[in-house]
Amino acid sequence: MSDWTKICSILAESKEAIILVHEKADGDCLGSALALAFSLHELGMKPVIYYPEEIPLVYRFLPGTEMLKIKAPGSLPESIPVIAVDCADKKRVVYDIPTNSPIINIDHHVSNDYFGTYNIVDTDAAAAGEIIYRILKDGGVRISPDMATCLYVAISTDTGSFSYSNITSETMKIASELLELGSDMNLIRENLYEKRPLSELLTIKAALANFCISEDGKLINCLLDFDTLNKDELIGADTDGLIGLLRATDGVEVALIFKEIEIGNVKVSLRSKSYVDVNIIAREFGGGGHSRAAGCTIKGNIHEIKDNVLKMVTPYLTGGINK
Ligand SMILES: [Mn+2]
């Protein structure tokens, strides 16, 4: 039985489906969720994607955003099947899923804990969008130009425009097929790569005022405390561009951002360039992700947290663990 047939059989009874993405939604989870929602809509179902707030500005151009509904965190309605996309564990979806709701878990994180009733987890996939594409193609589902645009955005964002080490020849084949299916490259370029919110630039400005680099130049980090962020209303600002900039510094292997999202609550973003598995480090602090990009949230004093994480990272750089 193909994954698509299985999904359809799970959804058959209710005719409704709730699609969930992870907090701090990105191009992969949103593009994947929308492509999936389009395909379910074609089947005569009523899919809805719940998210607790407006999605980030840069993704509002995606086709199908009318299927996104703002819903405050809390319990979901009973017995409606839930499809979680790009979420490594139940904590990543911001809602409480009733125990009688079947869960379909579609993800590519190595830290996925198989929380679904039915799990489609492929840790070799560069993006959840790759998995969704394969499910739809194997299931004989027609992929419309709008769906192709959504899936292209999903894969493009999770691979740093097809440049990260997670890409495979399969990734490129899928991208090529999405182009043939009509993904709108002009729309994607103008909205995704040539438009950034001012808040991101202001965050970079604040971060670069206090970044630290280790003596050997392999470890770079910066600290964004609550007061600094709050002053300029930057708490929700995107830091992907910033951490990319830090990691791109010549000689740097690991880049870290410590972002105090509320007083005493620090979000740590970890990126590595070629050999340190930052997923292992993030997991030590209750988070997770991928080997080159991971994150965790730690409660406590931001300076102490920084010291603890740096202590954990340093042996991987000097001792050659994972090298
Ligand atoms: Mn992803």
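Every chain is numbered on its own, with residues counted from 1 as its sequence reads. Where totals are concerned, whole chains, interfaces and linings use all residues; where local detail is concerned, this predicted model gives features only for residues with pLDDT of at least 70, and gives and counts side-chain atom pairs only at 80 or more. The side-chain figures draw on all heavy atoms in the structure; neither hydrogens nor water molecules are used.

Draft legend 1. The pairing of strand S8 (residues 219-224), seen in detail. Note on exposure labels: buried denotes an accessible area under 20% of the residue type's maximum, exposed denotes more than 50%, and partly exposed covers the range between, all computed with a 1.4 Å probe on protein chains only. Under the scheme used here, helices are H or I runs from DSSP no shorter than 4 residues and strands are E runs no shorter than 2 residues, and both carry numbers assigned from the N terminus. Of all 6 residues in S8, 6 are buried, a share of seventy percent or more. Residues Leu219, Asn221 and Leu223 line one face of S8 and the alternating positions Ile220, Cys222 and Leu224 line the opposite face, and both faces are buried. Whether two strands pair comes down to DSSP finding at least two bridges between them. Pairing geometry for strand S7 (residues 212-213) and S8, over 2 bridges, is antiparallel. Opposite Cys212, over in S8, you have Asn221 as the bridge partner. As consecutive antiparallel partners, S7 and S8 are separated by 5 residues, and within that stretch Gly217 has a phi angle of approximately 75°, a positive value.

Draft legend 2. Quick look at the coordination of the manganese ion. At the metal site, the manganese ion is ligated by Asp28 (OD), Asp86 (OD), His108 (NE2) and Asp158 (OD), and these contacts range over 2.1 to 2.3 Å. Note that water is not among the atoms used; donors are N, O and S atoms within 2.8 Å of the metal (3.2 Å for Na, K and Ca), so sites may look incomplete. Within one chain, the residues donating to the manganese ion are spaced in sequence as D-x57-D-x21-H-x49-D. With a gap of 22 residues between them, Asp86 in the loop between strand S4 (82-85) and strand S5 (103-107) and His108 in the loop between S5 and strand S6 (118-121) connect regions that are remote in the sequence. There is no split in this pair, since Asp86 and His108 are both buried.

Draft legend 3. Quick peek at the domain arrangement of the protein chain. Source of the domain bounds: an automatic or database domain assignment. One can read the domain layout of the protein chain as domain 1 (3-193) and domain 2 (198-318). Domain 1 and domain 2 are separated by 27 Å when their C-alpha centres are compared. Contact between two residues is taken to exist if any of their heavy atoms lie within 4.5 Å; hydrogens are not considered. The partner domain 2 presents 11 residues to the 8 residues of domain 1 that form the contact. Between domain 1 and domain 2, roughly 700 Å² of surface is buried when both sides are summed, and carbon and sulfur atoms account for 44% of that area. When residues of domain 1 are sorted by the area they lose upon contact with domain 2, Lys24, Val110 and Ser111 head the list and together hold 58% of the total. Here, a salt bridge means any side-chain nitrogen of Lys or Arg that lies within 4 Å of a carboxyl oxygen of Asp or Glu. Here domain 1 is connected to domain 2 by 0 salt bridges. The term buried area denotes the loss of accessible surface (1.4 Å probe radius) that occurs when two parts are joined, taken as the sum for both partners.

Draft legend 4. Region of the structure containing unusual backbone geometry. For Lys24, which is not glycine, the phi dihedral falls at a positive 50°. Turning to its location among the elements, Lys24 is positioned in the loop between strand S1 (16-20) and helix H2 (27-42). We note that Phe162 has phi near 60°; this positive angle belongs to a residue other than glycine. Tracing the backbone shows Phe162 in the loop between helix H4 (145-158) and helix H5 (169-180). Phe162 gets classed as buried once you look at its relative accessible area, which sits at 16%.

Draft legend 5. Seen up close, the side chain of Lys306. Counting through the fold element by element, Lys306 comes out in helix H11 (residues 302-318). Positive charges come from Lys and Arg, negative ones from Asp and Glu, while His and the chain ends are left out of the count. One buried charged side chain, Lys306, makes no salt bridge at all; its nearest oppositely charged neighbour is Asp307, positioned 5.8 Å away. With residues near it in sequence (within four places) discarded, Lys306 still touches Cys212, Asn221, Leu223 and Phe258.

Draft legend 6. View of the environment of Ile135. Positionally, Ile135 belongs in helix H3 (residues 128-138). The exposure class of Ile135 is buried, given its relative accessible area of 5%. Distance from Ile135 to Asp225, taken between C-alpha atoms, is 42 Å for residues 90 residues apart in sequence. With near-sequence residues (within four places) excluded, Ile135 lies in contact with Asp3, Trp4, Ile7, Ile106 and Ile120.

Draft legend 7. Spatial organisation of the packing of aromatic side chains. Aromatic contacts are taken between Phe, Tyr and Trp rings whose centres are within 6.5 Å, Trp giving its six-membered ring; a plane angle under 30 degrees counts as stacked, one over 60 as edge-to-face, and the others as tilted. All told, the structure shown has 2 aromatic pairs when counted by the stated rule. Measuring from centroid to centroid gives 6.2 Å for Tyr50 and Tyr95, while their planes differ by 55°, and the two rings are tilted. With a gap of 45 residues between them, Tyr50 in strand S2 (residues 46-51) and Tyr95 in the loop between S4 and S5 connect regions that are remote in the sequence. With relative accessibility at 16%, the residue Tyr50 sits in the buried group. Take Tyr95: its relative accessible area is 4%, and that puts it in the buried class. A cation over a ring is seen here: Lys71 above Tyr50, with NZ or CZ 5.5 Å from the ring centre. Definition used: whenever NZ (Lys) or CZ (Arg) falls within 6 Å of the ring centre and also within 35 degrees of the ring normal, the charge is taken to sit over that ring.

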